[in-house]
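Summary of structural features
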Amino acid sequence: MLVSQILKSKSDDAVVTSAPTMRISEAARMLSDKRIGTLVISKDGKTPDGILSERDIVRELGRQGAGCLDMTVDKLMTTKLVTCSRDDRADEILQKMTDGRFRHMPVIEDGALVGLISLGDVVKARLTELAMEKNALEGMIMGH
């Protein structure tokens, strides 16, 4: 299965972005309100400059306490992004996410953000793929 197929299967393919100048407290509120785990940080809303996860916020809260909530997201975001394209295969993406120990990956096409996939999206796609393979094998065994 390809990333493009995963994006099509998502009920909401919009990517939530925020400006690098947004405060961590505002980012935390946005994550909570939208019930998402990651914000893509972008100056122009099209090109990703970084990514900020709820885990990033929790780690910083543990390090310096509530004072970090006044920081801007550009101080805390991950800037070395691992991205994929619509043509990448789900099993390759799953391996990258597992090896890198992260749960969200921006989908980039011609330098622009076109989507965001989560580990859950990829696992769901792989399970669907495995179920189809199982059904096909059972059909072949049964002579269908």
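Conventions used here
Residues numbered from 1 in each chain as written. Predicted model: local features only at pLDDT ≥ 70, side-chain atom pairs only at ≥ 80, totals over all residues. Heavy atoms only, no water. Helix = DSSP H or I, 4+ residues; strand = E, 2+ residues; numbered from the N terminus. Buried < 20%, exposed > 50% of the residue type's maximum accessible area, 1.4 Å probe, protein only. Contact = heavy atoms within 4.5 Å.

The phi dihedral of Arg101 falls on the positive side, at around 55°, and the residue is not glycine. With respect to the helices and strands, the residue Arg101 is situated in the loop between helix H4 (90–100) and strand S4 (104–109). Residue Arg101 is classed as exposed on the basis of its relative accessible area of 74%. One non-glycine residue, Asp110, adopts positive backbone phi at about 55°. Position of Asp110 among the secondary structure elements: in the loop between S4 and strand S5 (112–118). Residue classification places Asp110 among the exposed positions, given a relative accessible area of 80%.

As a further point, take the environment of Val73. Among the structural elements, Val73 can be located in the loop between helix H3 (54–64) and H4. Along the sequence, Val73 and Thr128 sit 55 residues apart, while their C-alpha atoms lie 36 Å from each other. Discounting residues that sit within four places of it in the chain, Val73 has contacts with Ser18, Ala19, Pro20, Met22, Arg23, Ile24, Ala27, Ile41 and Leu52.

Everything listed is a geometric property; what it means functionally is a separate question.
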